[in-house]
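# Descriptive structure summary
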Amino acid sequence: MLNQINKLDIVLVSHYLMIFPIYTIAKMRNKKLIFLFHGTKSSLIKKISDIDSRKFMIILLERLAILLSSSIVVPSLFARDYVNSLINPLGKLKRFYIVPNYVDDEFFRIYSKKSLIAVKKKLNISLEDKIILYSGRIVENKGLEELIVAFNTFLSAKENLRIVIAYPESSSNLNLLNQLKIKIRDLGISNSVIFITNLRIPDLIKIYKISNLIVLFSKLEMAPLVLIEALASGTPCIATKVGNAEEILSKVDKKLILTGKLVPNIVNKFEYFFSLPKININLLKKRSRIVAKRYSGLKSAILFTQILDSSLI
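Turning to the environment of leucine 147, a few remarks are in order. Here leucine 147 shows up in helix 5 (residues 144–155). Taking the C-alpha atoms as reference points, leucine 147 and isoleucine 163, 16 residues apart in sequence, are found 9.6 Å from one another. Not counting chain neighbours up to four residues away, the residues in contact with leucine 147 comprise Tyr134, Ile163, Val215, Phe217, Ile266 and Phe270.

Right under this line is the structure:
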């Protein structure tokens, strides 16, 4: 392996911790190191007392990894500015490249009405029920507690409504999950909330398809993949102004962008969306798929290839 190092021109790293072993090998230190940055591993810090020793080490190591990289590839303008803010004023010395996330073609697939009805039946959801979907990890700063509170408020005016929370168990905070379940029980809405875990991609896509609305209430994202997956599925999405969400949703419907105080505004967005006539919903679905098509794998691959070529010059 060490004999092959001289043949390397570029080293690609997608996790900040993997940058440090590279620097233990003398022959690797003069190679061009490109850090593929897709999100921070540290959590949002609201006050100094929130910082414990583990969080401090992650914050420190992430910044050091960025400084040791020759170039940084990010998925959005927001991500570039965010990474810059982590290492200012030294960010001016770094080369940044933007390669947008892309959505898999499978999300554009059209399923038969019969197969989607079968999914609803399997989840014990009535055909008349409308579905709000959250898809992602159950961790802090995803706005999940606010989502549950807002859903409970809105549910009183909309009885035929269910919320589905699809999450990967291995990367989720199980303590937070238990807290959410207790909150749901105390609010008396357990029959309206469905938790699904560890879905295979084909099954997840069908959940996207049967949903009426997908929500993303994170407090920090770089370029949320769930957003373009939702739009490719033809399912409108309400999202906070994080990452490139505003840039994307402004092309679908600016009223789907969440700003201001979280819970009251979530309720307002639910009221707006679920009061739209069917013709407007169909227009949103069509516009969503058109916008999602701009995020193709081929486009991202071409941009990435150009970055590698320019790095060899």
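After presenting the structure, the write-up continues.
Relative orientation of the contacting elements helix 5 and helix 10 (residues 262–274) amounts to 50°, with a least axis distance of 9 Å. On the basis of the axis angle, helix 5 is oblique to helix 10. Relative to helix 10, the crossing made by helix 5 is right-handed. For the pair helix 5 and helix 10, the contacting residues are Glu146, Leu147, Val149, Ala150, Phe151, Thr153 and Phe154 in the first and Leu262, Val263, Ile266, Val267, Phe270, Glu271 and Phe274 in the second.

Taken as a whole, the largest pocket encloses approximately 1,400 Å³ of empty space. In terms of lining residues, the largest pocket is bounded by 50 residues, among which Thr40, Arg137, Val139, Lys142 and Glu221 are the most central. Where the lining of the largest pocket is concerned, the elements lending two or more residues are strand 2 (32–36), helix 2 (53–68), strand 5 (130–135), strand 6 (161–167), helix 7 (201–210) and helix 8 (225–232). If you tally residues by element for the lining of the largest pocket, the top one is helix 2, at four residues. For the lining of the largest pocket, a count of residues per class yields 23 nonpolar, 16 polar and 11 charged. Approximately 830 Å³ is the volume found for the second largest pocket. What lines the second largest pocket is a set of 25 residues, and nearest its centre among them are Lys209, Ile210, Ser211, Asn212 and Lys285. When its residues are assigned to classes, the lining of the second largest pocket shows 10 nonpolar, six polar and nine charged.

Reading the values: the criteria
- Residues numbered from 1 in each chain as written.
- Predicted model: local features only at pLDDT ≥ 70, side-chain atom pairs only at ≥ 80, totals over all residues.
- Heavy atoms only, no water.
- Helix = DSSP H or I, 4+ residues; strand = E, 2+ residues; numbered from the N terminus.
- Contact = heavy atoms within 4.5 Å.
- Axes fitted to C-alpha atoms, helices over the stretch in contact; angles between N-to-C directions.
- Parallel < 35°, antiparallel > 145°, perpendicular 65-115°, else oblique.
- Left-handed = near helix turned anticlockwise from the far one by under 90°.
- 1 Å grid on protein atoms, 1.4 Å probe; cavity = no way out; pocket = protein on both sides within 12 Å on 5 of 7 lines; lining within 4 Å.
- Points joined across faces, edges and corners; volume = space filled by probe spheres on them.
- Nonpolar A, V, L, I, M, F, W, Y, C, P; charged D, E, K, R; others polar.

In short, the description is geometric, and any link to function would need to be established separately.
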